[in-house]
Amino acid sequence: MGVLRACRWLEQALTRIELGAALFAFAAMLALSAADIIGRNLFHATLPGGDLLLRQLVLWVALPGAALAVAAQRHLHLDPANLAARPRWQKWTAIPFNLAAALVCTLLTHAAWAYWLDDWQYQSADAIWLVWLGLILPVAFGLLAIHFVLRAVLSVQVKAT
Amino acid sequence: MTTLLLIVLALVGMPLFIVMGAAALTATHQAQLDPALLMVEFARLAASPNLVAIPLFVLAGATLGQGGAPQRLVRFFNALMGWMPAGIAWVATVTCMVFTAFSGASGVTILALGGLLYPMLQHEHYPEKFALGLVTSGGSMGLLLPPSLAVLLYGVVAQVNIGDLFVAGLLPTLLLFVMVGGYALLRGARGASRHPFQWRELAAAARAGWADLLLPVGVIGGLAAGWLTVAELAACTAIYALVLETLIHRTLRVKALVWVAYEAATLVGSLFIILGLSMGLTNLLIDAQVPMHLLDWVSTQIKSPLEFLMWMNIALLAVGCMMDIFSAIVIVTPLLLPLAIHFGVNPVHLGIVILANLEIGYLTPPVGINLFLASQRFKQPVLTVFRATFPFLVLMMVWLLLLTYLPVLSLWHQSG
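It should be emphasised that the depicted structure is a prediction, and the values quoted were computed from it without experimental measurement.

A. Summary view of the overall build of chain B. When its secondary structure is counted, chain B shows 20 helices and zero strands. Its C-alpha atoms give chain B a radius of gyration of 22 Å, within 12% of the compact-globule value 22 Å for 416 residues. Here the C-alpha coordinates of chain B stretch approximately 70 × 50 × 45 Å along the principal axes. Sequence-distant contacts in chain B: of pairs separated by 6 or more residues, those separated by 24 or more amount to 79%. A total accessible area of about 16400 Å² is found for chain B, and carbon and sulfur atoms account for 69% of it. One finds the centroid of the 16 positive side-chain charges in chain B at a distance of 18 Å from the centroid of its 15 negative side-chain charges.

B. Quick look at the state of the cysteines. Tallied over the full model, the rule gives zero disulfides over all chains. Free cysteine C105(A): the closest other cysteine sulfur is in C7(A), separated by 17 Å.

C. How the structure looks around empty space enclosed by the protein. Residue and element names in this part refer to chain B. Applying the stated criterion across every chain, the model contains two cavities of 30 Å³ or more. When its volume is computed, the largest cavity comes out at roughly 80 Å³. Looking at the largest cavity, the residues that line it are L64, A69, L73, V98, F99, F102, D212, L213, L215 and P216. Of all elements in the fold, only α5 (69–81), α6 (87–103) and α11 (199–225) reach the threshold of two or more residues within the lining of the largest cavity. The element best represented in the lining of the largest cavity is α11, accounting for four residues. Here the residues of the lining of the largest cavity sort into nine nonpolar, no polar and one charged.

D. Examining the interface of chain B and chain A more closely. At the interface, 59 residues of chain B touch 49 residues of chain A. Broken down residue by residue, the surface that chain B buries against chain A is led by M39(B), A46(B) and Y262(B), which jointly contribute 13%. Where chain B touches chain A, the interface holds two salt bridges. Close ionic contact of E263(B) with R74(A) constitutes a salt bridge, the shortest N to O distance being 3.2 Å. Looking at side-chain class alone, the side of chain B that touches chain A contains 49 nonpolar, seven polar and three charged residues.

E. A look at the environment of Q157(A). Here Q157(A) lies in helix α5 (residues 136–160). Each C-alpha atom of the pair Q157(A) and G2(A) lies 12 Å from the other, and the pair is 155 residues apart in sequence.

F. Up close: the confidence of the model for chain B. Mean pLDDT over chain B: 87, with 98% of residues reaching 70 or higher. Scoring of the predicted complex yields 0.84 for pTM and 0.93 for ipTM.

G. The packing of aromatic side chains, seen in detail. Evaluation of the coordinates by the stated rule reveals 19 aromatic pairs over all chains. The interplanar angle of 35 degrees and the centroid separation of 6.1 Å between the aromatic rings of F148(A) and F17(B) together place this pair among those described as tilted. Within this pair, whereas F148(A) is found in helix α5, its partner F17(B) is found in helix α2 (residues 16–30), the two belonging to separate chains. For the residue pair F148(A) and F17(B), the accessibility class agrees, reading buried in each case. Note on Y183(B) and F392(B): the rings are 5.3 Å apart at their centroids and 80 degrees apart in plane angle, and the pair reads as edge-to-face. In this pair, Y183(B) sits in helix α10 (residues 162–188) while F392(B) sits in helix α19 (residues 382–405), placing the two residues 209 residues apart along the sequence. Owing to a relative accessible area of 1%, F392(B) belongs among the buried residues under this scheme.

H. The arrangement of the nonpolar core in detail. Residue and element names in this part refer to chain B. Formed by 202 residues in total, the largest nonpolar core has its most connected members in F42, Y154 and I273. Take this core: its biggest share by element is 15 residues, from helix α13 (residues 254–287). Every residue in contact with Y154, bar those within four places of it in the chain, is listed here: Q159, V160, L165, I329, T333, L337, P347, L350, G351, I354 and L355.

I. Inspection of the side chain of S375(B) at higher detail. Residue and element names in this part refer to chain B. Looking at where S375 falls in the secondary structure, it is placed in helix α18 (residues 369–378). Judged by relative accessible area, S375 falls into the buried class, the value being 14%. Only 2.8 Å separates the side chain of S375 from the backbone oxygen of Q380, close enough to count as a polar contact. Ignoring anything within four residues of it in the chain, the contact list for S375 reads Q380, P381, V382 and V385.

J. Local environment of the packing of helix α14 (residues 290–301) of chain B against helix α16 (residues 325–342) of chain B. Residue and element names in this part refer to chain B. The interhelical angle for the contact between α14 and α16, taken along N-to-C directions, is 45 degrees, at an axis separation of 9 Å. On the basis of their axis angle, the class for α14 and α16 is oblique. Considering how the two elements wind past one another, α14 and α16 form a crossing that is right-handed. Judged by residue contacts, P291, L294, L295, V298 and S299 of α14 engage L335, P338, L339 and H342 from α16. Partitioning the contact of α14 with α16 into residue classes produces seven nonpolar, two polar and no charged.

K. A look at unusual backbone geometry. Note that the residue after P146(B), namely P147(B), is joined by a cis bond; omega there is 0 degrees. With respect to the helices and strands, P147(B) occurs in the loop between α8 (128–138) and α9 (149–158). At H44(A), a residue that is not glycine, the phi angle is positive and equals roughly 50 degrees. A positive phi angle is found at R250(B), which is not glycine, with a value near 55 degrees. Within the element layout of this structure, R250(B) appears in the loop between α12 (230–248) and α13.

L. Molecular detail of the pattern of salt bridges. Residues and elements named next belong to chain B. Scanning the model with the defined rule gives eight salt bridges over all chains in all. One salt bridge connects R72 with D212, and the closest N-O pair in it is separated by 2.6 Å. Pair noted here: R72 is in helix α5 and D212 is in helix α11, with a separation of 140 residues, a long-range link. You'll find R72 and D212 in the same group, each marked buried.

M. The arrangement of a nonpolar patch on the surface in detail. Residues and elements named next belong to chain B. A cluster of nonpolar residues, L171, L174, V178, F390, V394, V398, L402, L406, V408 and W412, forms a patch on the protein surface that exposes about 820 Å² of accessible area. Among the elements of the structure, α10 and α19 are those that each provide at least two residues to the nonpolar patch. At four residues, α19 tops the list of elements feeding residues into the nonpolar patch. Relative to the elements of secondary structure, V398 occurs in helix α19.

About the cut-offs
- By convention here, each chain's residues receive numbers from 1 onward along its written sequence.
- As they are written, the chains are lettered A onward and the ligands numbered 1 onward, keeping that order.
- Thresholds applied to this predicted model are a pLDDT of at least 70 for local features of residues and 80 or more for the giving and counting of side-chain atom pairs; totals over whole chains, interfaces and linings are not thresholded and use all residues.
- Calculated side-chain values reflect all of the structure's heavy atoms, with hydrogen atoms and water omitted.
- To qualify as a helix, a DSSP run of H or I must reach at least 4 residues; to qualify as a strand, a run of E must reach at least 2; elements of each kind are numbered from the N terminus.
- In this setup the radius of gyration rests on C-alpha atoms only. A globule is expected at 2.2 Å times the number of residues raised to 0.38.
- Residue contacts are defined here by distance: any two heavy atoms, one from each residue, within 4.5 Å place the two residues in contact.
- Under the convention used here, a 1.4 Å probe and the Shrake-Rupley method define accessible areas, while residue burial counts only the protein chains that appear.
- Only four residue types enter the tally: Lys and Arg on the positive side, Asp and Glu on the negative side, with His and both chain ends excluded.
- In this description, the location of a charge corresponds to atom NZ of lysine, CZ of arginine, CG of aspartate or CD of glutamate.
- In plain terms, two cysteine sulfur atoms within 2.5 Å form what is called a disulfide here.
- Computed over the protein atoms alone on a 1 Å grid, cavities are sets of points where a 1.4 Å probe fits but cannot get out and pockets are open sets with protein on both sides within 12 Å along at least five of seven lines; a residue lines them when it has an atom within 4 Å of a point.
- Grid points are joined across faces, edges and corners, and a volume is the space filled by probe spheres set on the points.
- When residues are grouped by polarity, Ala, Val, Leu, Ile, Met, Phe, Trp, Tyr, Cys and Pro land in nonpolar, Asp, Glu, Lys and Arg in charged, and all others, Gly among them, in polar.
- Reported buried area values correspond to the accessible surface (1.4 Å probe) lost by two parts on association, with both partners' losses combined.
- Any Lys or Arg side-chain nitrogen located within 4 Å of an Asp or Glu carboxyl oxygen qualifies as a salt bridge.
- Along the chain, pLDDT gives the predictor's confidence residue by residue, from 0 to 100.
- In this analysis, rings of Phe, Tyr and Trp, with Trp reduced to its six-membered ring, are considered paired at centre separations within 6.5 Å, and the interplanar angle assigns stacked below 30 degrees, edge-to-face beyond 60, and tilted for intermediate values.
- Burial status follows relative accessibility: with a 1.4 Å probe on protein chains alone, a residue under 20% of its type maximum counts as buried, one over 50% as exposed, and anything between as partly exposed.
- Definition of nonpolar core: a set of buried residues of the types Ala, Val, Leu, Ile, Met, Phe, Trp, Tyr and Cys, connected through side-chain atoms within 4.5 Å.
- In the analysis that follows, any N or O atom pair within 3.5 Å is treated as a polar contact, provided that within protein one partner can donate a hydrogen and the other can accept it, and provided that, for residues neighboring in sequence, both atoms belong to side chains.
- Here, axes are lines fitted to C-alpha atoms. For helices the fit covers the stretch in contact, and angles between N-to-C directions go from 0 to 180 degrees.
- For classification purposes, an angle smaller than 35 degrees is called roughly parallel, one larger than 145 roughly antiparallel, one from 65 to 115 roughly perpendicular, and anything else oblique.
- Crossings are assigned a handedness: left-handed for a near helix turned anticlockwise from the far helix by less than a right angle, right-handed for a clockwise turn.
- Only residues above 30% relative accessible area that lack a salt bridge enter a patch, with like-charged residues linked at up to 9 Å and the nonpolar side chains Val, Leu, Ile, Met, Phe, Trp and Tyr linked at up to 5 Å.

Structural data, given as C-alpha cells:
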C-alpha cells in the first residue's frame, strides 16, 4: 500500500506543479497581450520579443494542460462501442493501455530531447532564451509518460477495491 | 498490420494522441527518418499567431460558464422573446447558440444550460420529447458563430482567414435558427403557454446581462472592422470575462479562478497535443505523397464539384459518427483541402460545410457525444434521447444540403 500512497502523492504533486505552470502561462499571456495592445495603440511601441514570448506561452499552457488531462483521464478518444462504461473492460485494459501509452510518450520524450539539443546547438546567442522556453517540450512529454505509469499503478488499487 | 492495430486501438478507446504519436513514430522509423522531425513540426505550434487565440477564448468561455453567464443569458432572452409564439423554444435555441459559440465544446452547453432550459420547456407544457430533442440538439448549434473554437481550429489547420470564416458562419447560423424556430412553431409549441411581454422584466434582465451581451457584439464588430487581430481580440475577451465575473458580478473568487484555469488548460492541452502530433503526421503523409495519390484516385472516380460535395458529406457524416469534432478537423482537413481546391470549392465554403457536418455528428450514434451527455444529464435512456433528437437531425440534414449546394450562404460577403 505504501507504493500506491507514494504514487497518489506524486500524481497530486505533479498535478499542482502543472496547474501552476498553466496558471502562470495564462496570466503571462494576458499581461503580454494587454501590454502589446496598449503599447502599440498609445505609444506606437511594443515589448521587444513580446510576440515571440506570447506564442511560446501557448506551449506552456497546452503541454501542462495535456499532462493534467492524463491525470483527469480527459484525453480525446473515440470508443464508438462505449467500452469505457464497462467496468470489466476498464479493469482488464487499464494496465496494458496505460503502459503502452507511457512507452509511446517515452519515445516522444526522446525525440523531443534530441530536437531540443539540436535547437540548443544551432540557435543564435540573442535567441537562446527561446530555446530555454522550448525545454517544456521534452519535459512535458516526460511528465506525460510518468502520468501514464502512475495511472497504470493506481489502477491496481481500483482493481483491488 | 501496424496501421490496423493502431486503428483498433483508437476504436477501443486509446487516447487519440497516443495513437497518432505511435503512427508518427512508426512512419518515421519506416522512412528511416529522425523522430526529432516530429518535434520540429510540434514546435511550430508556437509559430502560428492565430493559435494564441484558442487558449484565450477557451479561458473566456470557461470564466463565463463558471461565472453564471448562461443563467443571465437565459433570463434576458426569455424576457425578450418569451412572449412570442413558441417563445421558450426560440429562447432555448438562441441561448444554446450563443453559449456554444463561447464554450467551444458543445457538450458544455447541455451540462450548463440543459438543467435550466429543459425544466423551463416542460413547465411551459412543451411535449417532453420535443423539449429533450431541442435541448440536446441545441448543444451543438452555434458552432459557426464567433468565437467558436472549431472555426478557429479549421482556420489554423487550413490556413484560411479566420475573420472570413466567422463572417461566413453568420448567415448559416441564422438560417438554422429560423428553421429550428419554425419547426417549434409548427410542431413543438402545440399546447404551450404564452407570456405577456413585460418591459420591467426585460429592463431588469438587460441590466443583469448587458455586459455578457456586449461580448459577442464586440467580437463580431472587432473582427469585421479589423481593429484587432484574432489573438488580440481573444485576449480582450478573456480579460473582459475575468473583470466581468470577478469585479462586476463578483461571481468568481480566487479558488474558482484556479478551477477555471484548470478546466481551460485541460481542454487546450487535450486539443493541442493532437494538433501538434498531427502536424508531424501530416508532413509525413505529404512526404509519402498520400494526399496526391488520394487526389488522383478521387479524380478518376468523381467528375463534378457537386458529386465531390455529395461524397464529401457522406464521408464527413460517417467521420462525425465516429470522431469528436476537434480530432476530425485536425485529421480530415489536410486530406480534403487539396481535393476541394482541385474541384474549385472555396476553402471558406469548405470550412462551413465541414463544420456543419461535424456539428451534426454530435447527434449521430454511436459517438454522438451530445446524446450521451443528454442521457446522463436528463436521466433518460440514450435511445429515447436519440428518438427525441431525430426530427432535429433531419432538420439539420436539410440545412446541411442547403449550405453545401448554395455556396452563396457562406460566401455572400465575398461575392461583391
